[in-house]
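Now for the letters of each chain:
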Amino acid sequence: MNDAVRPRVHDFLKPKLGGHSLSENDDIFALGYVNSLFAMQLARFIQREFDLELTPGDMNFDNFRTVDAIVRLVDAKTGARTTPEVCP
Amino acid sequence: MTRPEPMKVAGPPSGVVATGIKLSLPIPLSLADEIGRRILFLSSDIVDFELVTDTAGVTGVTVYSAEPLDESAVTRKINTALDIDVRPQFATPARVVWRSPVSREVAEGTYEELARAGVVVQTGEGQIALGEPLLELFHYFDRALVDLLKSSVEILQYQYPTLISTETLQTAGYTSAFPHHLFFITRLHNDIDVYRDIQNTYADTPLDERLLRFCRNVDYCLPPTMCYHTFSQYRGTTVGADGPQAVTALGKAFRFEAGYATTMERLWDFTIREMVFMGTRTEVLALRELMMTKVFDFLRELGLSGHCEVSNDPFFGGADTSDRIFSQRMMELKYEVRLPVGSDRTVAVGSFNFHTDLFGRSFGIEHSDGGPVSSACVGFGMERLVYAFLCQFGLDKTNWPPGVRS
């Protein structure tokens, strides 16, 4: 997993959290810190910040709910080398 | 809240003038419906249109009008509207979440048959009168939907007034999100001079738009749906201490539509059965899902063809229109049940909507655990529902499912 992605995602989300902490698997929409219109801001941020183009196939809500999911999406789109989460 | 259909492109009408409009930039074909549902609202001179497409996407629009149009003015209107509402949109994949196992052939001509039999009578633009056996079906489906709801959650039933305050619609954000569908109610200003002016001005002439100068009120509208009545009713209250609050109402709903076919597929004036859930996010999402499951089972048991898909409301012209459409589709805030009414088309007969805490915040409705309440609603357009049933089963009652026949 590309470690450079995660802090940039956190930096983007931080102003929205009202001082609350955010775990990697917290659903940012379910927690109520952002409204539904934030989805568009988030998608635009991902495209701009990581210089990639989101396609209809990427537009699955599960790709945008958590920091972990966003990092996975960016990694997949940018072809970053991923580290297996569970070693054989 | 159900949404209207995307505008149907019927092809060039006879006796009209065609004007070719070039789009400033092509728009992907996946957004063609979003273009089509706006064109007739952009100028009342446009009576029909066709989209021009090539490998680059939608590249132009041919608009039809009774008189020649100012091409540059219409080009500006169309491109401006598409710049605001459509071009910023991300395309999202079509997603079907349920499909009926029944595949039923649907013949054309049901509306004409109903009209010939006197079962439906067109009384005006987008307005019809219903007779038997359509009325029986109407009540059957309404009772069935309420029974599905009652078996899911404890409910309160209301009958709301026909009029709704403009302030309520503005609080709900309707006036900014859907200005194109609004119907205002007004009346003559109560003043003896006004009444005398009217009597004198129109003694021998038909009433016309000059009448509006004698009117002052824009404080009431015709409601586009029932749920805004419910949110207004619960304004400033706290709910949820004993579990989710469920409210249902049947009522007349009105949405201005700029284009019509003479059928029951698109009406100005229709009837909606709406169910509103207020509670925690988890509770209302669970109720929405439960109702979806029950409705799908009901439609399948009846033997109706159809499917349910992710959808979006017809937001129009607002600064955040594309954001709203994208969030609705990507977060699956809205699902629509669509039933075939012809060999090549379906209509949305119902929708399942999750509002997050939008209306809790707008109307100051608090949850007893703290914070604004979350809400969801389920709505069915009753005329469309019974029409889709008749399109699929016909007028002969002997062909109807036993449960409906009895």
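Procedures and definitions
- Residues numbered from 1 in each chain as written.
- Chains lettered and ligands numbered in written order.
- Predicted model: local features only at pLDDT ≥ 70, side-chain atom pairs only at ≥ 80, totals over all residues.
- Heavy atoms only, no water.
- Helix = DSSP H or I, 4+ residues; strand = E, 2+ residues; numbered from the N terminus.
- Buried < 20%, exposed > 50% of the residue type's maximum accessible area, 1.4 Å probe, protein only.
- Contact = heavy atoms within 4.5 Å.
- Areas by Shrake-Rupley, 256 points an atom, 1.4 Å probe, with all protein chains shown as cover.
- Pairing = 2+ DSSP bridges.
- Buried area = accessible area lost by both parts, 1.4 Å probe.
- Polar contact = N/O pair within 3.5 Å; in protein donor to acceptor, adjacent residues only side chain to side chain.
- Nonpolar A, V, L, I, M, F, W, Y, C, P; charged D, E, K, R; others polar.
- Axes fitted to C-alpha atoms, helices over the stretch in contact; angles between N-to-C directions.
- Phe/Tyr/Trp six-rings, centres within 6.5 Å; stacked < 30°, edge-to-face > 60°.
- Lys NZ or Arg CZ within 6 Å of the ring centre and 35° of its normal.
- Expected span 1.5 Å × (residues − 1).
- Core = buried A, V, L, I, M, F, W, Y, C linked by side-chain atoms within 4.5 Å.

Quick look at the overall build of chain A
Phase 1 of the analysis: The helix and strand tally for chain A stands at three helices and zero strands.
Phase 2 of the analysis: Taken from the N to the C terminus, the helices and strands of chain A come in the order α-α-α.
Phase 3 of the analysis: Looking at chain A residue by residue over its 88 residues, the buried ones come to 42%.
Phase 4 of the analysis: Here the analysis covers contacts within chain A between residues at least 6 apart in sequence; of these, 58% occur between residues at least 24 apart.
Phase 5 of the analysis: Of the accessible surface of chain A, which amounts to about 4900 Å², a share of 48% is contributed by carbon and sulfur atoms.

A short note on unusual backbone geometry
Residue and element names in this part refer to chain B.
Phase 1 of the analysis: Geometrically, the link from Glu 132 to Pro 133 is a cis peptide bond, its omega value of 5 degrees lying close to zero.
Phase 2 of the analysis: Note that Pro 133 resides in the loop between strand 6 (127-130) and helix 4 (134-150).
Phase 3 of the analysis: In this model, Glu 332 sits at a positive phi of 55 degrees, which is unusual for a non-glycine residue.
Phase 4 of the analysis: Positionally, Glu 332 belongs in the loop between helix 10 (321-330) and strand 15 (334-340).
Phase 5 of the analysis: A residue is classified by how much of its surface remains accessible, and Glu 332, at 16% relative accessible area, is buried.
Phase 6 of the analysis: Here the phi dihedral of Thr 356 falls at roughly 50 degrees; this positive angle occurs in a residue that is not glycine.
Phase 7 of the analysis: Within the secondary structure layout, Thr 356 lies in the loop between strand 16 (346-354) and helix 11 (358-362).

Remarks on the sheet that holds strand 8 (residues 164-165) of chain B
The strands making up a sheet associate through backbone hydrogen bonding, with each pair oriented either parallel or antiparallel.
Residue and element names in this part refer to chain B.
Phase 1 of the analysis: Strands sit in the order 8-10-9 across an open sheet of three strands; the sheet is antiparallel. One side of each edge strand has no neighbouring strand; the edge strands of this open sheet are strand 8 and strand 9 (184-185).
Phase 2 of the analysis: In this sheet, strand 10 (residues 220-221) lies alongside strand 8 in antiparallel orientation, the contact comprising two bridges. By the bridge assignment for strand 10, Ile 164 is matched with Cys 221.

Here's the deal with the interface of chain A and chain B
Phase 1 of the analysis: The interface of chain A with chain B comprises 15 residues on the first partner and 18 residues on the second.
Phase 2 of the analysis: Here chain A packs against chain B, burying approximately 1500 Å² in sum over the two surfaces, 72% of which is carbon and sulfur.
Phase 3 of the analysis: The largest contributions to the chain A side of the interface with chain B come from Leu37(A), Met40(A) and Met59(A), which together make up 39% of the buried area.
Phase 4 of the analysis: If you look at where chain A meets chain B, you find one residue pair in polar contact (both at pLDDT 80 or more).
Phase 5 of the analysis: A breakdown of the residues in the side of chain A that touches chain B according to their chemical character gives ten nonpolar, four polar and one charged.

Remarks on the sheet that holds strand 15 of chain B
All names here are of chain B.
Phase 1 of the analysis: The strand order across the open sheet built from eight strands is 4-14-15-16-18-13-12-7, with neighbouring strands paired in mixed fashion. Every other strand in the sheet has two partners, leaving strand 4 (96-99) and strand 7 (156-158) as the edge strands with one partner each. Here the average twist between neighbouring strands, direction ignored, is 20 degrees.
Phase 2 of the analysis: Here helix 4 sits on the sheet and contacts strand 7, strand 12 (245-254), strand 13 (269-279) and strand 18 (374-381); the angle it forms with strand 13, its principal contact strand, is near 5 degrees.

Remarks on the packing of aromatic side chains
Aromatic ring pairs: the centre-centre distance and the angle between the two ring planes describe each pair.
Phase 1 of the analysis: Throughout the structure, instances matching the rule amount to 26 aromatic pairs over all chains.
Phase 2 of the analysis: Ring geometry for Phe29(A) versus Phe38(A): centroids 6.2 Å apart, planes at 50 degrees, classification tilted. A single burial state applies to Phe29(A) and to Phe38(A), both of which are buried.
Phase 3 of the analysis: Measuring from centroid to centroid gives 5.9 Å for Phe41(B) and Phe316(B), while their planes differ by 65 degrees, and the two rings are edge-to-face. Of the two residues, Phe41(B) is situated in helix 1 (residues 32-42) and Phe316(B) in the loop between strand 14 (307-310) and helix 10; the sequence distance between them amounts to 275 residues. Exposure class is identical for Phe41(B) and Phe316(B). Each is buried.
Phase 4 of the analysis: An aromatic cluster is present here, built from Tyr174(B), Phe178(B), Tyr228(B), Phe231(B), Phe315(B), Phe359(B) and Phe363(B) joined pairwise through their rings.
Phase 5 of the analysis: The ring of Phe393(B) has Arg104(B) lying over it, and the distance from NZ or CZ to the ring centre is 4.0 Å.

Some details on helix 4 of chain B
Phase 1 of the analysis: For helix 4 of chain B, spanning 17 residues, the distance from its first C-alpha to its last is 24 Å, which sits close to the expected 24 Å at 1.5 Å a residue.
Phase 2 of the analysis: For helix 4 of chain B, the set of buried residues is Leu134(B), Leu137(B), Phe138(B), Tyr140(B), Phe141(B), Asp142(B), Ala144(B), Leu145(B), Val146(B), Leu148(B) and Leu149(B).

Considerations on the pairing of strand 15 of chain B
When a strand is regular, its side chains alternate between the sheet's two faces.
Residue and element names in this part refer to chain B.
Phase 1 of the analysis: For strand 15, a buried count of seven out of seven residues is recorded, marking the element as mostly surrounded by other parts of the structure.
Phase 2 of the analysis: Bridge count for strand 14 against strand 15 is four bridges, and the pairing is antiparallel. The partner of His 307 across the bridge, within strand 15, is Arg 338.
Phase 3 of the analysis: The sheet contact formed by strand 15 and strand 16 spans seven bridges and is antiparallel. Bridge pairing in strand 16 links Arg 338 to Ala 348.

Here we look at the side chain of Asp142(B)
Phase 1 of the analysis: Mapping Asp142(B) onto the fold places it in helix 4.
Phase 2 of the analysis: Once residues lying within four places of it in the same chain are set aside, the contact partners of Asp142(B) are Leu250(B), Arg273(B) and Met382(B).

Examining the nonpolar core
Phase 1 of the analysis: Ranked by size, the top nonpolar core spans 119 residues in total, and within it Leu42(A), Ile46(A), Phe141(B), Tyr228(B), Phe277(B) and Phe352(B) carry the most contacts.
Phase 2 of the analysis: Top element by residues in this core is helix 4 of chain B. It accounts for ten residues.
Phase 3 of the analysis: Setting aside chain neighbours within four positions, we find Phe141(B) in contact with Phe298(B), Leu302(B), Met382(B), Leu385(B), Val386(B) and Phe389(B).
Phase 4 of the analysis: In this structure, Leu23(B), Ile46(B), Val74(B) and Ile78(B) belong to the second largest nonpolar core, which totals 22 residues.

Nothing here speaks to function; it is all geometry.
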